[in-house]
Every structure is written in C-alpha cells, then in structure tokens.
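These are the residues of each chain, in order.
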Amino acid sequence: MTGVIEAPAPGRGGPLLRILPPALYAGRARMLMLRSSLAYKRAWLTIFSGFFEPLFFLVAMGEGLGSLVGDLPGPGGRPLSYAAFIAPGLLAASAMNGAVYDSTFNIFFKLRYARLYDAVLATPLGPVDIALGEIGWALVRGGLYSAGFLGVMTGLGLITSPWGLLALPAALLVAFAFGAVGMAATSFMRSWQDFDLVQLAVLPMFLFSATFFPLSVYPPGLQWVVQAFPLYHAVELMRGLTNGVVGWGLLGHLAYFVVMAAFGVVVASRRLTALLLR
Amino acid sequence: MSDALVQARGLRKCFGDIEAVSGIDVDVRPGEAFGFLGPNGAGKSSAMRMIGCVSPRTAGELQVLGLDPDVDGPRIRARLGVVPQQDNLDTELSVRDNLHVYGRYFGLSRAAVRAKATELLDFAQLTDRASDKVEPLSGGMKRRLTIARSLVNDPELMLLDEPTTGLDPQARHLLWDRLFRLKQQGVTLILTTHYMDEAEQLCDRLVVMDGGLIVAEGSPGDLIARYSSREVLELRFAPGEQHGQRAAVDELAERLEELPDRLLLYTTDGERALSAAHQRGVRPVSSLVRRATLEDVFLRLTGRSLVD
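So, here is what we can say about the structure in this document. Predicted, not measured: the structure shown is a model, and the values here were computed from it.

## Some points on the overall build of chain B
Counting its regular elements, chain B contains 11 helices and 13 strands. Principal-axis analysis of the C-alpha atoms places the extent of chain B at approximately 75 × 45 × 35 Å. Put simply, chain B has 308 residues, and 54% of those count as buried. Put simply, of all contacts in chain B between residues at least 6 apart along the chain, 66% involve residues at least 24 apart. For chain B, the exposed area adds up to about 13300 Å²; of that, 48% sits on carbon and sulfur atoms. Positive and negative side-chain charges in chain B, numbering 39 and 46 respectively, have mean positions lying 3 Å apart.

This is how it looks when you write it as structure tokens:
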C-alpha cells in the first residue's frame, strides 16, 4: 500500500518542488501513507462501504431507469445501453468521492483537533511531505474504490476495450487531483459547517457532469459551464477508455488533472506552512 | 564558533503586532540541563518553537547544533527530541505503532524501529499497554509515551515544554527520574516550566523570562543568592492585621514583602529574626522559617500580579 508515490530526494525534485523551499520537504511522504495504512488497519470496513455506493447507483439507474431510457449515444456516436453509459461516469465519481472524503473530513480532524501534523513537523518531515503523504492516501482510497468498481464493470461486461486497463491509472490521477484540491480547500475551513460547501460542490458535479446524460442535452451556454467541471473531464476520460474510443482529446483531459493536482499540492503545502510553521 | 548547542543573539519573534520574544541571548552548552522559566505569555514556548525549527524567527541570529534553522530545519530536527506542551500522540494508532511510525518519520529502518519501540516501551513502563489505543491511557502514561516517542531517534538535544504540567506527584517524580537518566547519558535538555521545584531539581542553569525578555540568568543557587536571601521568615496574621506590624519588623530583614495575610522577611538567619520579632512584641498567628527557593526569586523578578 505504501510507496505508491516515490518521493524524490530533496534537491532533485521536478518543477513542482522547485516552487517549494527545500527546507519544507524531506522526501518521506510515504511515511505518512504508512501511518494512514496502520490507522485503517482496524477500519477497513469504512473504506469498503464507499465501494457500494456507485454499485447501488449502477443497479438502480442502469438496470431500473435504463429499461425506460433505452440506448444513448456513446463516445464516437456509438449507441450504448444506459448502464454502459453511466458506468464510466460512476467510476469517475467513485474516484472523486473516495479522494474528496478522505482529504476533507479526515484531514480537517487531524489538522484542527488531533494536532497530528504538529507532531509530524517536529520530525525531519515538512509540510510538503504531509501534503503529498495525505493526498497520496486519498489517492489510495479513491483508487481502491475505482478498482472495486472496475471489477464490477468487468463482471457485467461493461468494458468493451483493452484500453479499459488504463482506466485504473487514470482513476488514480483523478483521485490524486481531487485529493490535492480537497486538502487545499480543507486548509481554509474554519469549522465543520464549512463542509456543507464541499457537498455543494460535489453533489451538482456528480449529477450534471455528463454522468447520467450526455452533454448534448444542455443548451450551448451551459455546456461550457459543465465542461469546466473537473468531474466532466474524468467522466469523458473513463468513457473513452472503457469503450476504446481513444484520441488526442483524452490527453487534454489528462492535462486538466495534472494541472489540478499540481495546483492542489502547491496550495495545500503553502497553507500548511502558513498554519503550522508560524 | 562556540561549542554551544544552541546559540541565540538578539532573537525576536513577532506575531503581527504582538512581540512574543523581544530580543534574547541564549547559550546552551552540551550536556547541561537548561531551563526557561517565566509566567504564562513570557515567550518561553515561542523561544522553544524557534529552537525546535517549527517557527521561523522574526529577527536575530539563531544556531541550533551549529546549523541555521531557516536553512537546515529538517537536518536539525532529525537530531532533536521534542516533548510539546500538550500531548499530540496519534490517537488513531496503538501505543506501539505511535513509536513505530514516529521512528519511520525519522527515516529509521523497520528493523531498527521495532527494536527501538520495545526498548522505549520498557523505558516508559508501558510494555503491557503496547497494543492499546492511546486514548484510554492516563495523563501520566500519555506523557511518558510522548517522552519515549521523542527519544526514538536518540536525540542529542531534547526540548521539553512544560513536561510535567497536569501530572500527579508520582507521575512527576517518575518523569524526573527518566529525565535524570537521560542527562546522565549526556543528552542535553532544554525545558520550560513554571514549577520552581522542577527547575531546581532538573536545571543546571536557567533564565527567567518576563514580557519576552530575559530578566535573570544563572544556576538555581546563583539566582537565589543574587535575588533572594538564604532564608525566609513568614509571619502570618489575621488578614488585614499584618500592615500594622510592618514597622516593628522592618529593620530585621534585608527585604520585606507584604501579602494580604502575612509578612515575608528575607534574611540570612530566619530563627534569629523570629526571636527578635517576638522580643519586639510581634505576635503572629503562626510563623515559619524556611529556605529561600527559586519561587521567591521568580516572584521577585516577575511580580505577583496575574499575567494573563
């Protein structure tokens, strides 16, 4: 479980780490992930439960509602059964949900109440280690949800292309990006009430990011809005990969998440520095 | 370059408009136990956080283990053991895992950390609680675990911020015993406290801070000699009556302090002052001759009014 992100040693980091002072990074982010894996040793059920949510949606809407809806146009215009249409959307959403829940509620508690990071900062680790380690764990959690759901999709015959194999690494990137932005947002939160804002961001995205119906149902102006949502890009990415409709456009979606992840890591690290190293 | 483990010159720390540390000079020598004393808000914890490389200084010079915290924070912290004022143990982990994970933060190998955890559980007398969670432990146990955790990297310098605040006497004495053992092994200790008996027990040298400044510096004995007398005679009266007796005993003491229900006479010979007071017809409700302590020094230097 650990070592998913191998953090480079200080001094030879990529462009991301050059923006952040070297004194804030010891290259041991994976020790935070080790900590999380030990903390969850006895709480695997809480992670497991997150896997069922998209499955219930798939059954209720794909099979139930799908019998009324009929086929929808998939990527490249190919008709898809309704279940096959929404499954990649649910896959993207489960990567998002796993990462967002972990990087918001859990991190807020550790930051404000458990004072976990104060203890961590008394060791050689710095705020960048904390940010990368915690976002890394959010990635693991999002990745687990996605892997479980991909297994279900495979079992139901909803993955029609070997490109579908790449859906898992894509889901990891999506989870990392959502985890990074989730942690950055959490660092600005003052009380538990502020988490209503997380719901306010996540739920509409889940419903309207071309998850349950194609983008073409929106008027042109709204289409632009939807295309700005990160989840829309995750849904398009998953739908393209699981159906084997692969083009340069997918790289655009990937780039969206690379930028989002970098932005989240930098903001989260800086905020942790401002909050904890006063 | 001196051989001081910590060297500060004109060290300052501001939070916005508030100046917590207003320019202090500190030298901590290898192997000594050094104390920061002072009332709440005197700037002790801010000074400790700067030395611990978790709070950048506003101005002045600071070297810890010969390195600059602004540049080499992680390298310095790798050699420090920190016991914070409030326990921040990892409540999601077991007692043993707390030590294990902390050792891994310091880059120790799995095998090294396993052996170390066993050794430290023994040191903290927590071996039979190793697989329990942290939450149900008593205050003293948590404190011991926090100290054990700070030793996981075999630190050269330990920073202890009010290590025994909130503990019962048994737990305090056990902790002092542990800290003595560490000192014996050559570990340098820096601690803050407002328990004067703790400072007298543990510190070779200390500074008294007040309002962000160092107001006195020396060994406990030095400070008592300099700022107090050898003995103190306490004459207790019914509240309010003490003032009328003041003139009668004033010249018996080097210094006299008046509290609401008693007079404190600072003198080299308390018994003689007491019999002299009796001869002058002073009849206190009760009297007490005691040795002067750091507490007398502390109260003289930082005043008796409540600070925060």
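Having seen the model, we can carry on.
## Notes on the sheet that holds strand 13 (residues 286-291) of chain B
Residues and elements named next belong to chain B. One open sheet accounts for four strands, arranged 11-12-10-13; its pairing is antiparallel. Edge strands, defined here as strands with exactly one partner in the open sheet, are strand 11 (255-259) and strand 13. The mean inter-strand angle of the sheet, taken between neighbouring strand axes irrespective of direction, is 15 degrees.

## Focus: the interface of chain A and chain B
The figure often quoted for interface size is the accessible area lost as the parts come together. The interface is formed by 26 residues belonging to chain A together with 31 residues belonging to chain B. Counting each side, the surface lost to burial between chain A and chain B is near 2500 Å², with a carbon and sulfur contribution of 54%. Ranking the residues of chain A by area buried against chain B places A:Arg35, A:Pro124 and A:Arg278 at the top, with a combined share of 21%. Scanning the region where chain A abuts chain B turns up two salt bridges. In this structure, A:Arg35 engages B:Asp90 in a salt bridge whose closest nitrogen and oxygen atoms are separated by 2.4 Å. Counting the contacts that link chain A with chain B gives 11 residue pairs in polar contact (both at pLDDT 80 or more).

## Things to note about the sheet that holds strand 7 (residues 188-193) of chain B
Residues and elements named next belong to chain B. The strand order 5-6-7-3-8-9 describes an open sheet built from six strands, whose pairing is mixed. Of all the strands in the sheet, the pair left with one neighbour each is strand 5 (80-83) and strand 9 (213-218). Neighbour-to-neighbour, the strand axes of the sheet open up by a mean angle of 15 degrees, direction not taken into account. Note: strand 8 (residues 205-210) against strand 9, five bridges, orientation antiparallel. By the bridge assignment, Val208 is partnered in strand 9 with Ala216. Most of the contacts of helix 11 (residues 294-302) go to strand 8, to which it runs at about 30 degrees, and overall it touches strand 3 (33-37), strand 8 and strand 9.

## What about the packing of helix 6 (residues 127-155) of chain A against helix 7 (residues 167-186) of chain A?
Residue and element names in this part refer to chain A. Where helix 6 contacts helix 7, the two axes come as close as 7 Å, and the packing angle between them is 140 degrees. Viewed along their axes, helix 6 and helix 7 adopt a mutual orientation that is oblique. Relative to helix 7, helix 6 is oriented so that their crossing is right-handed. Here helix 6 contributes Ile130, Ala131, Leu132, Glu134, Ile135, Ala138, Leu139, Gly142, Gly143, Ser146, Ala147 and Leu150 to the contact with helix 7, which in turn contributes Ala167, Leu168, Ala171, Leu172, Ala175, Phe176, Gly179, Ala180 and Met183. Among the residues making up the contact of helix 6 with helix 7, the classes are represented as 16 nonpolar, four polar and one charged.

## Re the nonpolar core
In terms of nonpolar packing, the biggest core is built from 172 residues, with A:Phe178, B:Phe36, B:Val64, B:Met158, B:Ile190 and B:Leu294 touching the most fellow members. Sorting elements by how many residues they give to this core places helix 4 (residues 82-112) of chain A first, with 16 residues. Residue contributions to this core reach at least three from each of two domains, namely domain 1 (6-221) and domain 2 (229-291) of chain B. One finds B:Leu233, B:Val249, B:Leu265 and B:Val282 within the second-largest nonpolar core, a separate group that totals 14 residues.

## Digging into empty space enclosed by the protein
Under the defined criterion, the tally for this structure stands at three cavities of 30 Å³ or more. The computed volume of the largest cavity comes to approximately 60 Å³. At the level of secondary structure, the elements contributing two or more residues to the lining of the largest cavity comprise helix 5 (116-121) of chain A together with helix 3 (95-105) of chain B. Among the residues making up the lining of the largest cavity, the classes are represented as six nonpolar, two polar and two charged.

## Some details on the packing of aromatic side chains
Residues and elements named next belong to chain A. Inspection of every chain in the model, using the stated rule, returns 20 aromatic pairs over all chains. Arranged with centres 6.3 Å apart and planes meeting at 65 degrees, the rings of Phe108 and Tyr113 form a pair that is edge-to-face. Classification of Tyr113 by relative accessible area gives partly exposed; the value is 46%. A centroid spacing of 6.1 Å and a plane angle of 15 degrees characterise the contact between Phe109 and Tyr113, whose relative ring orientation is stacked.

## Digging into the side chain of B:Thr146
Of note, B:Thr146 is situated in helix 5 (residues 139-150). Residue contacts for B:Thr146: discarding those within four places in its chain leaves B:Val83, B:Pro84, B:Asp87 and B:Leu89.

## Considering the layout of surface pockets
If you add up the space inside the largest pocket, you get close to 810 Å³. If you trace the largest pocket, you find 28 residues lining it, with A:Asp118, A:Leu276, B:Arg49, B:Val54 and B:Pro84 closest to the centre. At the level of secondary structure, the elements contributing two or more residues to the lining of the largest pocket comprise helix 4, helix 5 and helix 11 (248-276) of chain A together with helix 1 (44-51), strand 5 and strand 6 (157-161) of chain B. Here the lining of the largest pocket gets four residues from one element, more than from any other, and that element is helix 1 of chain B. Among the residues forming the lining of the largest pocket, the class breakdown is 15 nonpolar, six polar and seven charged.

The rules behind these values
- Residues numbered from 1 in each chain as written.
- Chains lettered and ligands numbered in written order.
- Predicted model: local features only at pLDDT ≥ 70, side-chain atom pairs only at ≥ 80, totals over all residues.
- Heavy atoms only, no water.
- Helix = DSSP H or I, 4+ residues; strand = E, 2+ residues; numbered from the N terminus.
- Buried < 20%, exposed > 50% of the residue type's maximum accessible area, 1.4 Å probe, protein only.
- Contact = heavy atoms within 4.5 Å.
- Areas by Shrake-Rupley, 256 points an atom, 1.4 Å probe, with all protein chains shown as cover.
- Lys, Arg positive; Asp, Glu negative; His and termini not counted.
- Charge placed at Lys NZ, Arg CZ, Asp CG, Glu CD.
- Pairing = 2+ DSSP bridges.
- Axes fitted to C-alpha atoms, helices over the stretch in contact; angles between N-to-C directions.
- Buried area = accessible area lost by both parts, 1.4 Å probe.
- Salt bridge = Lys/Arg side-chain N within 4 Å of Asp/Glu carboxyl O.
- Polar contact = N/O pair within 3.5 Å; in protein donor to acceptor, adjacent residues only side chain to side chain.
- Parallel < 35°, antiparallel > 145°, perpendicular 65-115°, else oblique.
- Left-handed = near helix turned anticlockwise from the far one by under 90°.
- Nonpolar A, V, L, I, M, F, W, Y, C, P; charged D, E, K, R; others polar.
- Core = buried A, V, L, I, M, F, W, Y, C linked by side-chain atoms within 4.5 Å.
- Domains from an automatic or database assignment.
- 1 Å grid on protein atoms, 1.4 Å probe; cavity = no way out; pocket = protein on both sides within 12 Å on 5 of 7 lines; lining within 4 Å.
- Points joined across faces, edges and corners; volume = space filled by probe spheres on them.
- Phe/Tyr/Trp six-rings, centres within 6.5 Å; stacked < 30°, edge-to-face > 60°.

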